[in-house]
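The primary structure of each chain is shown beneath.
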Amino acid sequence: MATLTRRRVLQGMAATGGVAAAGSLLPAAQAAPARTVLGAENWDPEVFAHSVASGDPTASAVIIWTRVTPTKDAQPGSGKGPDVPVTWEVATDPEFQDVAASGKVTASAEFDHTVKVDATGLGSATTYFYRFTADLGQRKATSRVGRTRTAPGSGDDVSAIRFGVCSCSNYEAGFFRSYRDMAERDDLEFVLHLGDYTYEYETGGYTGVYGQQPRTVEPAHVTQTLADFRIRQGCYRKDADLADLHAAKPMVCVWDDHEFADNNWREGATGESFKKGDDYPALKAAASRAYFEWMPVRVRPEARAQHLYRTLQYGPLMEIIIPDLRSYRDAQLIQSGDHLLDSDPDFIRAAGREGRTMMGRSQFEWFSNAIKSSTAKWQVIANEVMFAPMTLPATLDPKLHDWLVEKIGLPEQGIPLNPDQWDGYMVERQKIIDMIAGLPDKNVVFLTGDIHSSWANDIPRDIFGYRTGQNTKAVATEFVTPSVTAKSAFDSLAVSRAFDAATRQLLYTGENLLSGVNRWFKWINFTDHGYMAVEVGQKATQCDWHYVDHVLAKDTPFRLGNSFRAEVGSPGARSVGAGLNRAQRVY
């Protein structure tokens, strides 16, 4: 078998037709008014070249972030530049007449001159504005003004929470149009980023549709050292669309694999960007350190006990449960690149064996307890890799199926097509399904990234029974977001525009075949880039997919792709005739 990466899985499914059958806060990113609307006319874009950000909001606190460039040589990853005193302020108005919290910190080369503050003592469900001022000795420099919002508290009356969901933003594959569209929407309270925020490849190593590379990332080589990861983060954060998104609303984020190396696991990586002989513990430590320095998460880079999995409560309506599906998992059964010969030749049966773990024992216990103890109406799982089974049946005959499972050891859930996702860890997935089935008062929705395509899925109680039509009960719902720019199946197959129509027809056939053999897939799109807008309400959770025509230009328009919903007390994806009203405002 050739290397099995995310893109090759999508290529394979489509190319065989089946493998399956066998009013805005921020205008355009380049427009000057984006800065003046937030009262940032005094912004020093040289000292605060990487803008501002906020994240991980609670009912009384939010993380605010920036980076200071005190001297021209104090660039990301340089280790150069003096310590700089920085004052931070959080206010209820953009003119900072009503300051709710403030303080002083030091930006130093030790932490790449990044500044991360947990601003506490704030009111719930409240919009705030924040800024930083650097004392450079002979002068002071002020950042742009960022806007953020705290979560509702347990006593707040919350009818609905609406937010953006995205993943997989490869810098060299195109422009971040999805970030700009979400930044411009005043109806989206925050953005949930499900990983692959940065990519590790060398320049030219992972391009876009038609093999085009509209821009160049830094550093030019594969990221491996702390300096490399800092430089890569700095390159991304100078993107105007991403900078405006971070300044417009808080981000809740989790890493996937490409913040480290392709298909990483607990003790290494099995993909093409990680070579035999590379030092994975050193790479993991460097990438983690840079992530905790640069991202607006509550974990601090100097903390001894570091883990990214956590929960965030949005009043009585929603709890976001955020597992880390890379750091504790067992190795993938099928490997690629230098690691191809390390693949498990018995991977089909191995995928269904007891003991294989995606989460690790401690995190699995935490995850189970988080769902069980949640008092919110909705439990929203920030899920990095697809949870719904993407498998092929060995047979549809129940008696033969039972014999193959009992005598041959084939997995109960089918033959896995992509064992990097939950299909490679079937027993642990079934434990989660069984647990959710035993909690009828919960309303669980998985929001998923990673696979560069769009899906609306039921999570079946009985996978074989759902496939045969004998038991079509669902225990949860899954909505999968497309990539911001990273290659879709269409991008991988359409080598030139001359093949566009044929590629689209091939993908349409593949989507239908895959949905036919896995009946819990209610809708699939292998073509488009974009993001999801999700509204969690008292009676239902609705998901809209928004697509851009292509990502090779900065100003291509967006369109509504599709809409599905899950209803309280009745899990499963149901098609909706109309999208959410973008004219509503939370800001």
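Preceding this section is the structure that the text describes.
Residues numbered from 1 in each chain as written. Predicted model: local features only at pLDDT ≥ 70, side-chain atom pairs only at ≥ 80, totals over all residues. Heavy atoms only, no water.

**Some details on the overall build of the protein chain**
Argument step 1. Assigned secondary structure in the protein chain consists of 13 helices and 26 strands.
Argument step 2. Relative to the compact-globule value of 25 Å for 587 residues, the protein chain shows a C-alpha radius of gyration of 23 Å, a close match.
Argument step 3. Across its three principal axes, the protein chain shows a C-alpha extent of roughly 80 × 55 × 50 Å.
Argument step 4. Across the 587 residues that make up the protein chain, the buried fraction comes to 63%.
Argument step 5. For the protein chain, the accessible surface area stands at approximately 20600 Å², while carbon and sulfur atoms represent 50% of it.
Argument step 6. Computed over 62 positive and 72 negative side-chain charges, the inter-centroid distance for the protein chain is 1 Å. (Helix = DSSP H or I, 4+ residues; strand = E, 2+ residues; numbered from the N terminus. Rg over C-alpha atoms; globule rule 2.2 N^0.38 Å. Buried < 20%, exposed > 50% of the residue type's maximum accessible area, 1.4 Å probe, protein only. Areas by Shrake-Rupley, 256 points an atom, 1.4 Å probe, with all protein chains shown as cover. Lys, Arg positive; Asp, Glu negative; His and termini not counted. Charge placed at Lys NZ, Arg CZ, Asp CG, Glu CD.)

**Some details on the nonpolar core**
Argument step 1. Membership of the largest hydrophobic core comes to 78 residues, with the highest contact counts inside it found for Phe163, Met318, Leu447 and Phe479.
Argument step 2. Among the nonpolar cores identified, the runner-up in size contains 46 residues, and Met359, Phe387, Ile432 and Val475 belong to it. (Core = buried A, V, L, I, M, F, W, Y, C linked by side-chain atoms within 4.5 Å.)

**Some details on the sheet that holds strand β20 (residues 454-460)**
Argument step 1. Taken in spatial order, the 7 strands line up as β14-β15-β16-β19-β21-β20-β22 in an open sheet, and their pairing is mixed. With partners counted over all chains shown, the strands left at the sheet margins are β14 (310-314) and β22 (521-525), one partner each. If you compare each strand with its neighbour and ignore which way they point, the axes differ by 20 degrees on average.
Argument step 2. By the bridge criterion, 4 bridges tie strand β15 (residues 318-322) to strand β16 (residues 378-383) in an arrangement that is parallel. Residue pairing across strands places Met318 opposite Trp378, the latter belonging to β16. (Pairing = 2+ DSSP bridges. Axes fitted to C-alpha atoms, helices over the stretch in contact; angles between N-to-C directions.)

**Describing a nonpolar patch on the surface**
Argument step 1. Taken together, Leu400, Trp403 and Ile408 make up a surface patch of nonpolar side chains, about 270 Å² in accessible area.
Argument step 2. Tracing the sequence through the fold places Ile408 in helix α9 (residues 398-408). (Patch = residues over 30% accessible without salt bridge, like charges linked within 9 Å, V, L, I, M, F, W, Y side chains within 5 Å. Salt bridge = Lys/Arg side-chain N within 4 Å of Asp/Glu carboxyl O.)

**Looking at the side chain of Gln379**
Argument step 1. Position of Gln379 relative to the elements: it lies in strand β16.
Argument step 2. For Gln379, the contacting residues outside a window of four places in its chain are Glu319, Ile321, Ser374, Lys442, Asn443, Val444 and Val445. (Contact = heavy atoms within 4.5 Å.)

**Some thoughts on the pairing of strand β25 (residues 558-567)**
On any regular strand, side chains alternate: one points to one face of the sheet, the next to the other face.
Argument step 1. Summarising the sheet, strand β24 (residues 540-548) and β25 pair through 9 bridges and their orientation is antiparallel. When the sheet's bridge partners are listed, Tyr547 is paired in β25 with Arg559.
Argument step 2. Note: β25 against strand β26 (residues 570-575), 3 bridges, orientation antiparallel. Its bridge partner being in β26, Glu567 is matched across the sheet by Ser570.

**What to know about the packing of aromatic side chains**
Argument step 1. Tallied over the entire structure, the rule returns 30 aromatic pairs.
Argument step 2. Centroid distance Trp65 to Trp294: 5.5 Å. Interplanar angle 40 degrees. Geometry classified as tilted. You can see Trp65 sitting in strand β2 (residues 62-67) and its partner Trp294 sitting in helix α6 (residues 280-294), a full 229 residues away along the chain.
Argument step 3. With relative accessibility at 0%, the residue Trp65 sits in the buried group.
Argument step 4. With a relative accessible area of 0%, Trp294 lands in the buried category.
Argument step 5. Measuring from ring centre to ring centre gives 5.4 Å for Trp255 and Phe292, while their planes differ by 45 degrees; the resulting arrangement is tilted. Remark: Phe292 occurs in helix α6 and Trp255 occurs in the loop between β11 (251-253) and β12 (264-265); sequence separation between them is 37 residues.
Argument step 6. Accessibility expressed as a relative area gives 3% for Trp255, which makes it buried.
Argument step 7. Under the relative-accessibility criterion, Phe292 is labelled buried at 1%. (Phe/Tyr/Trp six-rings, centres within 6.5 Å; stacked < 30°, edge-to-face > 60°.)

By themselves, these observations are geometric and do not establish any function.
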